[in-house]
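Close look at the chain arrangement
Listed below are the residues making up each chain.
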Amino acid sequence: SSFSATALRFPSLYDDPLQPVTADETVSVGGTVTLTCRVAESDNSSLQWSNTAQQTLYFGEKRALRDNRIQLLHSTSTELTITIADVQLSDEGEYKCAIFTMPVRTARATVTVLGVPGKPQISGLETPVQEGQKVTLTCTSTGSKPPAKLHWYRGDQELEGHLDVVESNPDDPTYNVSSELTLEVTSSDDNALITCAVDHPSLAPGDKRSEQTLRVLYSPNVQIHPGSNLPREGEKFSLRCTGTSNPEPTSYIWEKKDGELPILAKADGAVLHFPMLNKSDNGVYVCHADNGIGNNQGEYILLVQDPTVMAPSSGVDHAVIGGVVAVIVFILLCLLIVLGRYLIRHKGTYLTHEAKGSDDAPDADTAIINAEGGQSGSEDKKEYFI
């Protein structure tokens, strides 16, 4: 069966056992390629490998070309295997194995050398981009053979770029590949990681990629946060204005809708201070935040409460109180059950003792006398023995 498998792989062995057999090989630039030549039978003729320039590399075990990159791996009467290290693009081509019989028999092996693409370079993100604008990014990788393919990502999400542009190099048989990606940016894209990855048979996935951070300039998203959830009359209070933006807000302006700011209220940048709240402070307060890119505003409705108003209990407080009440009720029920059983048991004992005096009485009158005097008789008896 093994011969059958060999015959299927090398059908020429059926006809000529002295016919050399080789295989095509693919290797990346800088790698090592192994070339093997075999015959099924030997007539003691030597096998020989020659390169693309028809120069003999090895004749049996004998080195024929002074190139230290080429080494003998295995040599027998039926096999000659050599290796070529640090392969270059110039090593690509057709190699020939020959056996010097009559007539000379030969076999050819094509070595394909892959040009390893360089690390991709991203351009177009040198300066921040303003929100709402479009930006075109370019990714370029050089030295690939065959031409590499480029892929774009924002975070883990793959993006669809324009078709790759392939240019051949005039100095060697490699290619420069470039790809463009156009984005319309929003504030959510700020600090997003943009990646360009190279896909090529000489590389494992993710071997060569470049990453750059997208910086987006956008106007403030304004919110107002109260210093307390229960503003009460006569107490201190403050409102803080926050503006999420790039760059950070540089100015804050406070105002009150439908009127002037209270006389005692003091604006200190992003904070509006109330040293002592009054019912007249009620109203809608507006904060304008500006960062040079844009101006936005936030609103807060202030409703001053009476000093006697207590802070509302949280859901957690209600749960704790309910739990304590349930435990108390349970304990009371247990005590009632235990007490009830105790009373019932002792009542039965009393009646039993009371009836003992009438058990042996000959008539009703004697039974009554015994029942009434049984206890005292016992006590008398105790006193007598004492």
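Okay, so let's go over this structure. Model, not experiment: these values are computed from the prediction. (Residues numbered from 1 in each chain as written. Predicted model: local features only at pLDDT ≥ 70, side-chain atom pairs only at ≥ 80, totals over all residues. Heavy atoms only, no water.)

Some details on the overall build of the protein chain
Looking only at helices and strands, the protein chain has 4 helices and 25 strands in total. Per-residue burial over the protein chain gives 31% buried out of 386 residues. Long-range contacts, defined as pairs at least 24 residues apart, comprise 61% of the intrachain contacts of the protein chain with a sequence gap of at least 6. (Helix = DSSP H or I, 4+ residues; strand = E, 2+ residues; numbered from the N terminus. Buried < 20%, exposed > 50% of the residue type's maximum accessible area, 1.4 Å probe, protein only. Contact = heavy atoms within 4.5 Å.)

Here's the deal with the sheet that holds strand 4 (residues 56-59)
Strand order across the open sheet formed by 6 strands is 1-9-8-3-4-5, with mixed pairing between neighbours. In this open sheet, the two edge strands, each paired with only one partner strand, are strand 1 (25-28) and strand 5 (62-63). Across 2 bridges, strand 4 lies against strand 5 in antiparallel orientation. Looking at the pairing, Tyr58 lines up with Arg63 of strand 5. (Pairing = 2+ DSSP bridges.)

Concerning unusual backbone geometry
Here the residue pair Met102 and Pro103 is connected by a cis peptide bond, since its omega of 0° sits within 30 degrees of zero. Note on placement: Pro103 falls in the loop between strand 8 (93-99) and strand 9 (105-114). Cis peptide bonds are those with omega within 30 degrees of zero, and the linkage from Asn246 to Pro247 qualifies with 0°. Mapped onto the secondary structure, Pro247 falls in the loop between strand 20 (237-246) and strand 21 (251-256). Positive phi outside glycine occurs at Asp86, with the angle close to 50°. Checked against the element boundaries, Asp86 lands in the loop between strand 7 (79-84) and strand 8. Its relative accessible area of 41% is what places Asp86 among the partly exposed residues. A positive phi angle, near 70°, is found at Asn191, a position not held by glycine. Inspection of the secondary structure assignment puts Asn191 in the loop between strand 16 (175-184) and strand 17 (192-199). The class of Asn191 is exposed, set by a relative accessible area of 53%.

Quick word on the nonpolar core
The biggest cluster of nonpolar side chains holds 21 residues, and the ones touching the most others in it are Leu137, Trp152, Leu183, Val185, Ile194 and Leu214. Listing elements by their share of this core, those giving two or more residues are strand 12 (134-144), strand 13 (149-154), strand 16, strand 17 and strand 19 (216-226). With near-sequence residues (within four places) excluded, Leu137 lies in contact with Ser123, Gly124, Leu125, Trp152, Ser179, Glu180, Leu181, Leu183 and Ile194. Counting residues in hydrophobic clusters, the runner-up holds 20 residues, among them Leu80, Ile82, Val111 and Val113. (Core = buried A, V, L, I, M, F, W, Y, C linked by side-chain atoms within 4.5 Å.)

Let's talk about the side chain of His288
Among the structural elements, His288 can be located in strand 24 (residues 283-290). Only 3.1 Å separates the side chain of His288 from the side chain of Glu255, close enough to count as a polar contact. Side-chain polar atoms of His288 contact the side chain of Gln297, separated by 3.4 Å. Not counting residues within four places of it along the chain, the set of residues in contact with His288 comprises Ser251, Tyr252, Ile253, Glu255, Asn295, Asn296 and Gln297. (Polar contact = N/O pair within 3.5 Å; in protein donor to acceptor, adjacent residues only side chain to side chain.)

Things to note about the sheet that holds strand 22 (residues 266-268)
With respect to topology, 5 strands assemble into an open sheet ordered 11-19-20-23-22, the strand pairing being mixed. Looking along the sheet, the strands with just one partner apiece sit at the ends: strand 11 (129-130) and strand 22. In terms of strand pairing, strand 20 meets strand 23 (residues 271-274) through 4 bridges, oriented antiparallel. Considered in strand 23, the bridge of Ser238 is made with His273.

Structural measurements only, silent on function.
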